[in-house]
Amino acid sequence: MSTEAMTPDYFSNCTHCGFCLAVCPTYKLTGDENNSPRGRLRLWSEEAAGRLPQDKWTDFYTAECVGCLACETACPATVPYGEIFEHIRHEHVASHRFKPKLALRLAAAAVTRPMLFNLALLPARLLRKAGFKLHRFLFPGRPAALKSTAAYAEELMQRHRPTGPRVAFLTGCLMEAMFREINFATVRVLIENNVQVIIPESQGCCGAFQEHTGLDGVEALREQNRRAFGSLDVDAIVCNSSGCGYALGKTLQPGKQVRDVLGYLGDLSPVRRQRGRDDGTRVYVDLPCHLVHGQKAAGIPANVLDATGYRWELAPKAKDCCGSGGVYNIQKPENAHTILADKSAFLNEAKGAPVILGTSNHVCMMQWHSAGATGLVTRPFEVRHIIQLLDPGENFSIPSTSPQP
Amino acid sequence: MTSPVKSSLEHQLKALLPRGRVLTSAAQLAGYGADGLGYKNHLPDAVVIPADAEELAGFMRGAKALGVPVVMRGAGTSLSGGPVAVQGGVVVHTSALKKIREINTEGFWCEVECGVGLNDLDAALKPYGVFYPPDPSSGPVCTLGGNVASNAGGAHCFRYGVTSNYVLGVEAIMLDGSLHRFGGPAGGRGPWREDWKRFMIGSEGTLAAFTRFWLRLLPLPEKVWTFRATYPDMKTTEAAIHALVAHSSYPAAIEMLDPRGVAMVESSQMACGLPEGSFMLLVEIDGPEALVNARVQSVAELLRQAGSNDVMFSDEEALRQKLWKARKASGGLLGQLSPSYVVQDAVIPKRALAEVLQLVYDEADAANIRAVNIFHAGDGNLHPNFLFDSRVPGELEKVELISKRLMQRVIEVGGTLSGEHGIGNDKSAYMPLVFGPDSMRLQLSVPAAFNPAHQMNPLKVFDNRHFVA
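1. Describing the sheet that holds strand 1 (residues 166-170) of chain A
All names here are of chain A.
Part 1: The four strands are arranged 2-1-3-4 in an open sheet whose pairing can be described as parallel. Only two strands of the sheet have a single partner each, and these edge strands are strand 2 (196-198) and strand 4 (258-260). Across this sheet, the average inter-strand angle for adjacent strands is 40°, counted without regard to direction.
Part 2: Note: strand 3 (residues 236-239) against strand 4, three bridges, orientation parallel. Bridge pairing in strand 4 places cysteine 239 opposite aspartate 260.

Okay, structure coming up:
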């Protein structure tokens, strides 16, 4: 995205058809057309054309956007809404028309220094590991406190010596600092499927945090990742968080293709987990917005979901936003809660024991977990990353039938 | 700077809508300046979003005293300027009135509020094995209120008919605050002596505010077959259309894409292998399985005999979607090609198809305007799309001139103005081409009877329908 000022031309391919209204979470929430992509584009283009002065309501409706990008999927005229929105949000923050919450500003500064961020969250990792319920967003898990994913991957590479395709893995900032157990599971699943995993040491935050908040610094992070990933000789670059994957994909294109790890595994027909005959588990699969609307993936491949060994089905409205929207559930908690209330209601009646809500983005996982913690869903359910449902555990070996180079 | 008049309006509106929303800031009105014709912008003085039907009724009771025009709006997807405040005033956005109140599978009807989305209704009906046939392309977002107001059609209305064939009853509130039910679940056989609901359908917001409808449903067809055929020229395409219309298989839909539409699809990411320079026909037959299956070969044979050596057909959902792909993608692709476009909406006798299409090409080429034809061929409902850039001085005027010439010819060949989009303010200038002064006077007396000052959606349908406070 260029940093040039928006010109009215930029908005010109919105023909005002209105197809985005039906899929927009904030339009559905408020019924106010200004609070829809078509409305926002109109506000921004009128302001850019000098027909509308700066207005607190323009600021309000801009800040209301979740950034789910469902409108991009619905748009017949392929308006690059996400790109425009990102630019406008940055402009609004830079010109003090919008101020992200203090916690987000601090976090945005912290993620640019991964060592510090990892250290700062060490107590949180330890407490999560010990089973403390720290916050409505923090789903349970047992992250390694000290060993990094990079060190772990190197250890497993030595032990198992996979011979298949080589992938570089973006470990992420919050994923690494807080939800490291998902990264570990990702490494195990890839290596079990005979994939060689490389974790470039010089990688940084994907920049999604800055994109979501509109804060400065995204270009430096992108440059860091272009250096870390740009010249690697690998078959693919994979991410296990669809938001990070979307951000890194934008950074490295054209040239390098960034894949969601589940989509990548779909091409390999992953090793299938065996479950007991009488296992009554039912997995409801929710598709992260930045996977289907950002990365434009069709979904999570059926063979990958089958390989979990569980009975699964797509959650109702699986392609609709859960309200997490990167940092939206922190910036606009009331809206996020209402969006989640509608989306999660089915879980109260959903068949299966136990019930798992499976998805592929840690931010969505946090949001879904809060449905239980805030009483929207009253029956017990677990939130898991789909990669965790494919996890062979510590003791595994590479099957002899795995894909060869 | 807020004028005293405006602040008084805001004050009155807030009193009328204690629970709903009242928008009056410049940046809150900007989103309501246009409908699907994005380049025509008329800002209202205020927008209200009633919280529910009760509040809408309350608003209507007080609306007359506001002394400003009242313009109803559903999702604002229309292509005729209908839900836009051309003479200023208050836009009433019915986005919160989206309750499906009853689905009655014994009587094959449903009761819905005016803001229910068309495809939302479809999704709700499906588990019951019933459907509501009108299917305008804006289905994912358009509302039933807008559908009834413009008497919407769609691809399948060749056999199934348009909205008016499915409205059993309309509940409407007049500006005097009186609430009326024209018809109901029992259709026209209500307390009103004549079929008054028919006045409401296609009235484009000029008579009253709709609150709810009773709609007729049909059982979902057991079986659907979709056919796609391409033709080398207009003559063979026309032969196929004529043969289809007369055929005993009674197709549900006959859709057409002209070579310029085909070229547009084929040069996009939606390309599906249509031969260059060809006309594409999309045909669908449906009904009881045994009956429809027995007709498949005869339809395929008919399409071949008319001159196509490229006939594909399927009854499998995934393949059917593939056959529909070019037709469904075409509308959106227009938006990728140019910043603005006008979709005309004329109905012509089928025998005049080739002649009118040629006129479209000649006029557009002479003016250096791109024209693409995507339309409902079965019922002669033409949709020539003129692609232009509204920011280039003179382009809109050129398109308007072509449109006018097209309409003149349409009327000369015995056609009429609007198949399904409504007149709005986009086609009101052409009304005198179709109707003489006596006829215009008679028609104008209808909205005058319902709201004598023309406070409801003024300057729509009739160019001279001004609201005078």
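From this point on, the discussion continues.
2. Section: the domain arrangement of chain A
Where the parts come together, the accessible area they lose is often given as the size of the interface.
All names here are of chain A.
Part 1: According to the domain assignment, chain A consists of domain 1 (8-94), domain 2 (108-268) and domain 3 (282-389).
Part 2: Each of domain 1 and domain 2 was reduced to a C-alpha centroid, and the two centroids are 31 Å apart.
Part 3: Across the boundary between the two partners, domain 1 contributes six residues, which contact four residues of domain 2.
Part 4: Of the residues belonging to the side of domain 1 that touches domain 2, the class tally is one nonpolar, three polar and two charged.

3. As for the environment of Thr171(A)
Residues and elements named next belong to chain A.
Part 1: Note that threonine 171 resides in the loop between strand 1 and helix 10 (174-177).
Part 2: Looking at threonine 171, the number of C-beta atoms within 10 Å reads 25, which means it is buried.
Part 3: When near neighbours in sequence (up to four residues on either side) are disregarded, threonine 171 contacts Thr149, Ala150, Glu176, Asn183 and Ile199.

4. Brief notes about the domain arrangement of chain B
All names here are of chain B.
Part 1: Domain annotation of chain B identifies domain 1 (100-219) and domain 2 (223-412).
Part 2: Each of domain 1 and domain 2 has a C-alpha centre, and these two points are 28 Å apart.
Part 3: If you look at the interface, domain 1 gives eight residues, while domain 2 gives eleven residues.
Part 4: Within the side of domain 1 that touches domain 2, the residues separate by chemical class into four nonpolar, three polar and one charged.

5. Some remarks on the interface of chain A and chain B
Part 1: Chain A puts 25 residues into the contact, and the matching count from chain B is 28 residues.
Part 2: Mapped by element, the contributors of at least two residues to the side of chain A that touches chain B are helix 2 (37-48) and helix 3 (56-64) of chain A.
Part 3: With four residues, the single largest contributor to the side of chain A that touches chain B is helix 2 of chain A.
Part 4: The class makeup of the residues in the side of chain A that touches chain B is ten nonpolar, ten polar and five charged.

6. Some thoughts on the packing of helix 9 (residues 149-160) of chain A against helix 11 (residues 180-192) of chain A
Residue and element names in this part refer to chain A.
Part 1: Put simply, helix 9 and helix 11 touch, their axes get as near as 10 Å, and they point 20° apart. Looking at the two axes, helix 9 sits roughly parallel to helix 11. Considering only the axes of helix 9 and helix 11, their crossing is right-handed. Within the contact between the two elements, helix 9 uses Thr149, Tyr152, Ala153, Leu156, Met157 and His160 and helix 11 uses Arg180, Asn183, Phe184, Val187, Arg188 and Ile191.
Part 2: A breakdown of the residues in the contact of helix 9 with helix 11 according to their chemical character gives seven nonpolar, three polar and two charged.

7. Section: the sheet that holds strand 7 (residues 355-359) of chain A
Residues and elements named next belong to chain A.
Part 1: With respect to topology, four strands assemble into an open sheet ordered 6-5-7-8, the strand pairing being parallel. Every other strand in the sheet has two partners, leaving strand 6 (311-314) and strand 8 (382-385) as the edge strands with one partner each. When the angles between neighbouring strand axes are averaged without regard to direction, this sheet yields 30°.
Part 2: Judged from the four bridges that link them, strand 5 (residues 282-285) and strand 6 form a sheet pairing that is parallel. Looking across to strand 6, one finds that arginine 282 is bridged to arginine 311.

8. Observations regarding unusual backbone geometry
Part 1: The step from Ala353(A) to Pro354(A) runs through a cis peptide bond, and the omega angle for that step is -5°.
Part 2: Here Pro354(A) lies in the loop between helix 19 (333-344) and strand 7.
Part 3: Positive phi is not limited to glycine here, since Asn368(B) has a value of about 60°.
Part 4: With respect to the element layout, Asn368(B) can be found in the loop between helix 12 (353-367) and strand 18 (370-376).
Part 5: Judged by C-beta crowding, with 9 C-beta atoms within 10 Å, Asn368(B) ranks as exposed.
Part 6: Residue Leu459(B) is not a glycine yet carries a positive backbone phi of 65°.

Rules and cut-offs
For every chain, the first residue of the written sequence is number 1, and numbering continues from 1 along that sequence. Labels are handed out in written order, letters beginning with A for the chains and numbers beginning with 1 for the ligands. The predicted nature of this model means local features are confined to residues of pLDDT at least 70 and side-chain atom pairs, given and counted, to a pLDDT of 80 or more, with totals for whole chains, interfaces and linings taken over all residues. Between any two strands, at least two bridges found by DSSP are needed for them to pair. Secondary structure elements follow DSSP: runs of H or I of four or more residues count as helices, runs of E of two or more count as strands, with numbering from the N terminus. Angular values range over 0 to 180 degrees, each being the angle between N-to-C directions of two axes fitted as lines to C-alpha atoms, with helices fitted over their stretch in contact. By convention here, the domain bounds are inherited from an automatic or database domain assignment. For the purpose of contact definition, each residue receives a C-beta atom placed from its backbone, and two residues are in contact when these atoms lie within 7 Å. Residues are grouped as follows: Ala, Val, Leu, Ile, Met, Phe, Trp, Tyr, Cys and Pro are nonpolar; Asp, Glu, Lys and Arg are charged; every other residue, Gly included, is polar. Burial in this document is a count-based property: other C-beta atoms within 10 Å of a residue's C-beta are tallied, and the residue is buried at 20 or more, exposed at 12 or fewer, or partly exposed in between, with C-beta positions derived from the backbone. If an angle is under 35 degrees, it is roughly parallel; if it is over 145, roughly antiparallel; if it lies from 65 to 115, roughly perpendicular; otherwise it is oblique. Less than a right angle of anticlockwise turn of the near helix away from the far helix marks a crossing as left-handed, whereas a clockwise turn marks it as right-handed.

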